[in-house]
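Residue strings, one per chain:
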Amino acid sequence: MSMPKLWPMPGGIHPSERKALSNREPIAQPPLPARLIVPLGQHIGVPARPLVGVGAPVLKGQKIAEAADARGLPVHAPTSGTVVAIGPQSYPHASGPPAEAIVIDSDGLDRWVPLAPSGDYRSLSREALLALIRDAGIAGLGGAGFPTAAKLATGSRIATLVINGAECEPYITADDRLMRERARELVAGIEILAHLLGPERVLIGIEDNKPEAIGAVSEAVAGTPFMVVSVPTLYPSGGEKQLIQILTGLEVPSGGLPADIGVLCQNVGTCVAVHDAVLLGRPLISRITTLTGEALQRPMNVEALVGTPIKDLLAFAGLDERRLGRLLVGGPMMGFSLADAAAPVIKTSNCLLAATPEELPAPPPAMPCIRCGDCAEACPASLLPQQLLFYAQGEDHEQLQAHNLFDCIECGACAYVCPSSIPLVQHYRAAKAQLREQADRQARAEQARLRFEARQERLRQAEARKEAERQARAEKAERMRAAQAEAPADDPLARLQAKKAGVGDEVKKLKIEASMAQVALKKAEKQLAAHDTPELQAQVETLRRAAEQARQALDEAQAKQAAEPAATPTAAPDLKKIKIEAAMLRAQIGKLERLELPDNAERAELERLRTALGTAEAQLRALEEQAQPAPAAAPNDDLKRAKIALALKRAELKKAEKTGADDEELAPLRAALVEAEQALHRAEAASGRPAPEHVLIDKRPVSAEERARKTERAYARAELHKLERDPAASPEALVAARERLARAEQALAAQPLDS
Amino acid sequence: MSVVIIGIGVLLALCLACGAILGFAAVRFRVQGDPVAERINALLPQTQCGQCGYPGCKPYAEAIAGGDRINKCPPGGEATIQALADLLDVEPEPLDAEGGEKPPMVAFIRETECIGCTKCIQACPVDAIVGAARQMHTVIAAECTGCDLCVEPCPVDCIDMIEVGRDLQGWAWERPLPPGRLIASDAERAA
């Protein structure tokens with residue numbers, strides 16, 4: 001063992017060591033507890049998520065909770081048994097609130113899950129090896145419980161790997177016993193870490209009050225490049241930053257990490273846990289815990305399963321309840337009083353101290369600071385504890401930050417030396433919590449502000465988008481209106497009407513006529529084929545001529561239309577179009593008039609529309625006047641008049657007959673009717689139209705008596721039918737009804753229709 | 001005599017030059033927004049709750065910069081009033097709120113009762129409520145500022161404001177009694 005150069009550490013104290021109480025016995029195996037409480041959060045970070053349910057059987061080493069985030073750690077079952085509860089359970093913490101935990105009733109068999117040790121870890125990739133360490137649930141066993149894989153994964157280059165075996169706090173001997181008994185495993189673990197990190201040198205720092213441990217580790221490291229360094233006993237040389245300073249002379253920058261200066265520090269217990277995980281495949285389910293204090297009959301170190309209730313371990317060590325003053329988790333300098341002994345051992349519980357009242361007397365009441373400055377001399381972090389005290393009391397957060405409160409490692413050296421017994425560390429802890437809370441609040445406020453502003457921006461954009469759409473719609477409507485006003489010919493409605501009325505009208509009519517003539521011809525030809533008579537032949541001949549004429553007329557019309565495709569719209573469509581335009585203008589004006597508070601543009605628009613409407617109405621009136629004296633086509637006039645005359649004559653005759661006029665009066669009327677009929681026939685002949693096919697039948701009205709007889713017969717028939725349908729009708733009535741019908745028919749037959 | 005004229009001329013030229021520089025600087029290096037309001041806004045808790053009578057923290061910050069009182073923010077409490085008093089160099093005033101200072105709260109939707117009306121989503125100033133029409137809504141507790149603006153619009157009253165408890169992660173050591181105090185009073189013991 002060579003003696004490399006050591007650097008001095010600022011401050012430090014020499015409290016009474018009291019290690020001999022527990023370091024004489026080898027590490028013992030306490031009995032398997034009947035019930036284990038395995039907290040989900042045993043490391044710094046987010047608690048794990050349970051993977052098992054209540055009632056699930058578990059095996060020793062089985063993963064029962066998985067890491068909740070990238071830096072989190074899983075939790076494994078410390079023994080085989082059954083999960084009996086998942087929920088808040090007591091937890092080893094200064095404030096004593098319950099924490100989520102999985103409770104396992106052991107089955108006493110302590111059966112392992114099949115283990116998968118990786119024999120040759122050197123063939124594994126760095127990531128695989130880190131995943132292995134992480135999956136084994138290894139957190140720093142020195143006390144803080146920082147996830148080891150996360151610490152090893154720091155990107156920066158590590159020049160020096162420091163293995164912390166200093167164990168400077170009084171009473172605690174867990175690492176001492178571990179180094180004495182498991183030096184080979186320790187060195188194997190360090191080899192794995194060295195393989196992972198590739199440091200230039202590995203320093204194993206052990207305080208010189210543990211000569212046996214130094215001896216055992218020195219023996220084990222023989223043949224390796226690792227160096228065991230004996231460091232002078234001084235509290236708190238076991239602090240990470242302090243040990244680094246002693247061994248390398250490098251100071252970790254304020255607010256920085258050891259990795260920033262190329263150093264990484266791991267506890268000896270952690271190294272053994274890494275060995276177990278990589279070479280044996282065992283997850284971290286137990287740790288060496290010191291059971292010590294005057295209140296115990298058999299102080300010792302035990303390998304306690306994680307989750308073992310503290311009271312079980314104290315009973316194993318022979319706790320004398322009457323002598324117990326305070327029960328601490330951790331050492332006397334940095335540990336905390338435990339409220340509930342039912343709380344379990346967790347991965348960071350390195351010591352249980354059951355002290356008698358004489359051993360650890362209650363702190364005397366704090367006196368005012370006398371500014372002696374002893375605390376500043378004792379501070380291993382070179383802080384100014386009394387200044388920090390004043391700022392903490394005055395809640396001067398800026399000054400606390402300026403005086404590097406967060407570099408305080410809460411070792412308690414200042415409070416130990418304070419002649420006024422001021423609980424300095426408690427003040428710093430409270431101030432740190434306050435600062436953290438304030439920073440947290442600030443971060444939350446900033447987050448809320450960003451979210452609020454993002455929301456405001458989103459709402460504003462949505463509103464702007466809506467407004468833009470609204471404007472686009474309004475503009476489109478405006479353009480449409482403008483286009484309409486400028487080029488009315490473009491109006492689809494007007495175009496349609498022009499097409500319908502102007503161009504197609506005549507041709508359409510001719511087409512219909514031609515096709516009708518054709519159909520009539522076909523029909524007649526069919527009849528001719530069936531009965532060949534001269535009359536039919538003549539008829540077919542006429543029809544064929546008519547059809548040909550119709551087709552000719554149609555051809556002519558179509559040719560004319562083709563010759564002048566853009567036929568000027570006739571008077572009638574013009575009229576219609578202007579009427580439509582006027583109606584649309586009126587509707588628009590109505591709409592604008594209904595607007596509340598029209599702006600200038602709208603008022604101007606209204607004015608323009610009104611003028612347009614005036615023009616349109618004037619045009620309309622002019623066109624209507626033009627159109628009125630031009631009634632239907634002239635040639636058909638005579639025909640119509642003749643028809644009207646015939647109808648008048650017929651009506652006159654009918655009226656005269658009804659009033660019971662005698663034949664002398666009727667005769668001239670009848671003659672006039674015949675005359676009118678002949679005039680109609682003449683007109684029809686003159687009209688040039690094909691003669692109507694039908695023959696007029698002169699339907700002379702029936703006389704009053706005849707109508708009475710017919711009515712009588714109808715009544716009689718109806719009565720008879722009614723009686724026949726009625727099953728309850730008497731036969732006499734039926735006979736009478738039949739007789740009545742017969743009489744009526746006789747009467748009708750006797751008086752034939754007079755023509 | 002000429003010395004006086006030269007002196008006046010030199011001073012005049014100097015004044016004009018300086019004025020031109022200042023005028024240019026005032027335009028060129030003009031600070032956008034109100035820097036005082038920005039600093040005040042940074043001290044406000046950003047719950048956007050509107051309990052001060054302004055629609056959000058920024059409008060209140062602008063109002064304070066314009067001379068409004070600094071004691072209208074119940075979520076910020078005494079700490080905010082103190083910080084504002086320090087910043088603006090005015091006397092701190094007692095909080096002007098009915099219920100006084102309130103502990104931090106978080107909204108909680110009783111999900112079985114939610115009818116999915118989205119009214120609370122529209123009310124939330126920090127978009128901390130997720131859900132859709134006729135779907136159950138829920139609060140993202142980490143983003144909730146506890147402003148309770150969502151409580152009033154809920155037609156079925158299924159939103160509770162719950163006090164944010166302290167878990168192990170948020171646990172903090174208590175401040176010891178100040179040195180020199182030998183006897184703790186009953187009130188201090190009870191606290």
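Residues numbered from 1 in each chain as written. Chains lettered and ligands numbered in written order. Predicted model: local features only at pLDDT ≥ 70, side-chain atom pairs only at ≥ 80, totals over all residues. Heavy atoms only, no water.

Some remarks on the overall build of chain A
Link 1 in the chain: The helix and strand inventory of chain A stands at 21 helices and 16 strands.
Link 2 in the chain: Its C-alpha atoms give chain A a radius of gyration of 59 Å, clearly above 27 Å, the size a compact globule of 755 residues would have.
Link 3 in the chain: For chain A, the C-alpha atoms occupy an extent of roughly 165 × 85 × 60 Å along the three principal directions.
Link 4 in the chain: Within chain A, the proportion of its 755 residues that are buried is 41%.
Link 5 in the chain: Across chain A, every contact between residues at least 6 apart in sequence was considered, and the portion connecting residues at least 24 apart equals 72%.
Link 6 in the chain: Of note, chain A has its 94 positive side-chain charges centred 4 Å away from the centre of its 100 negative side-chain charges. (Helix = DSSP H or I, 4+ residues; strand = E, 2+ residues; numbered from the N terminus. Rg over C-alpha atoms; globule rule 2.2 N^0.38 Å. Buried < 20%, exposed > 50% of the residue type's maximum accessible area, 1.4 Å probe, protein only. Contact = heavy atoms within 4.5 Å. Lys, Arg positive; Asp, Glu negative; His and termini not counted. Charge placed at Lys NZ, Arg CZ, Asp CG, Glu CD.)

Here we look at the domain arrangement of chain A
Link 1 in the chain: Split by domain assignment, chain A resolves into domain 1 (117-281), domain 2 (637-687) and domain 3 (704-750).
Link 2 in the chain: Distance between the C-alpha centres of domain 2 of chain A and domain 3 of chain A: 39 Å. (Domains from an automatic or database assignment.)

Section: the environment of Ala413(A)
All names here are of chain A.
Link 1 in the chain: Structurally, Ala413 is set in helix α12 (residues 413-417).
Link 2 in the chain: Sequence-wise, Ala413 and Asp663 are 250 residues apart; in three dimensions their C-alpha atoms are separated by 153 Å.
Link 3 in the chain: Ala413 has contacts with Ile13, Met333, Ala378 and Pro380, leaving out every residue within four places of it along the chain.

Quick look at the sheet that holds strand β4 (residues 63-66) of chain A
Residues and elements named next belong to chain A.
Link 1 in the chain: One open sheet holds the 3 strands; their spatial order is β2-β4-β5, and the pairing between them is antiparallel. If you trace the sheet from one side to the other, it starts and ends with β2 (49-50) and β5 (75-76), each paired once.
Link 2 in the chain: Sheet topology places β2 next to β4; 2 bridges connect them, and they run antiparallel. Bridged to Pro50 within β4 is Ala65. (Pairing = 2+ DSSP bridges.)

Some words on the interface of chain B and chain A
Link 1 in the chain: Each partner contributes to the interface: chain B provides 35 residues, whereas chain A provides 36 residues.
Link 2 in the chain: Taken over both partners, the interface formed by chain B and chain A buries close to 2,800 Å², and the fraction arising from carbon and sulfur atoms is 56%.
Link 3 in the chain: Taken together, the links from chain B to chain A amount to 3 salt bridges.
Link 4 in the chain: Of the charged contacts, one joins Arg451(A) and Glu143(B) as a salt bridge, the two residues approaching to 3.6 Å between their closest N and O atoms.
Link 5 in the chain: Seen at the junction of chain B and chain A, the total is 10 residue pairs in polar contact (both at pLDDT 80 or more).
Link 6 in the chain: Among the secondary structure elements, those contributing two or more residues to the side of chain B that touches chain A are α2 (35-43) and α5 (119-123) of chain B.
Link 7 in the chain: Looking at side-chain class alone, the side of chain B that touches chain A contains 21 nonpolar, 8 polar and 6 charged residues. (Buried area = accessible area lost by both parts, 1.4 Å probe. Salt bridge = Lys/Arg side-chain N within 4 Å of Asp/Glu carboxyl O. Polar contact = N/O pair within 3.5 Å; in protein donor to acceptor, adjacent residues only side chain to side chain. Nonpolar A, V, L, I, M, F, W, Y, C, P; charged D, E, K, R; others polar.)

What about helix α4 (residues 77-88) of chain B?
Residue and element names in this part refer to chain B.
Link 1 in the chain: Between its first and last C-alpha, α4 extends 17 Å over 12 residues, near the 16 Å set by a 1.5 Å rise per residue.
Link 2 in the chain: The inward-facing, buried residues of α4 contact α2 and α3 (57-65).
Link 3 in the chain: Phi turns positive one or two residues past the end of α4, at Asp89, with a value near 55°. (Expected span 1.5 Å × (residues − 1).)

Some words on the sheet that holds strand β11 (residues 263-267) of chain A
Residues and elements named next belong to chain A.
Link 1 in the chain: Ordered by their spatial adjacency, 4 strands build an open sheet running β10-β9-β8-β11, and the pairing between neighbours is parallel. Only two strands of the sheet have a single partner each, and these edge strands are β10 (227-231) and β11. The mean inter-strand angle of the sheet, taken between neighbouring strand axes irrespective of direction, is 25°.
Link 2 in the chain: In the sheet, strand β8 (residues 160-165) pairs with β11 via 5 bridges, with the strands oriented parallel. Bridged to Val162 within β11 is Cys265.
Link 3 in the chain: In this fold helix α7 (residues 268-280) packs onto β8 and β11, with an angle of close to 80° to the strand it touches most, β11. (Axes fitted to C-alpha atoms, helices over the stretch in contact; angles between N-to-C directions.)

Some words on helix α1 (residues 126-135) of chain A
Note on helix geometry: an α-helix contains 3.6 residues per turn, so any two residues three or four positions apart are oriented the same way.
All names here are of chain A.
Link 1 in the chain: Buried within α1 are the following residues: Leu129, Leu130 and Ile133. Axial view of α1: buried residues confined to an arc of 100°, hence all on one face.
Link 2 in the chain: In this structure, the buried residues of α1 make contact with α2 (148-152), α4 (183-197) and α7. (Arc of directions from axis to C-beta.)

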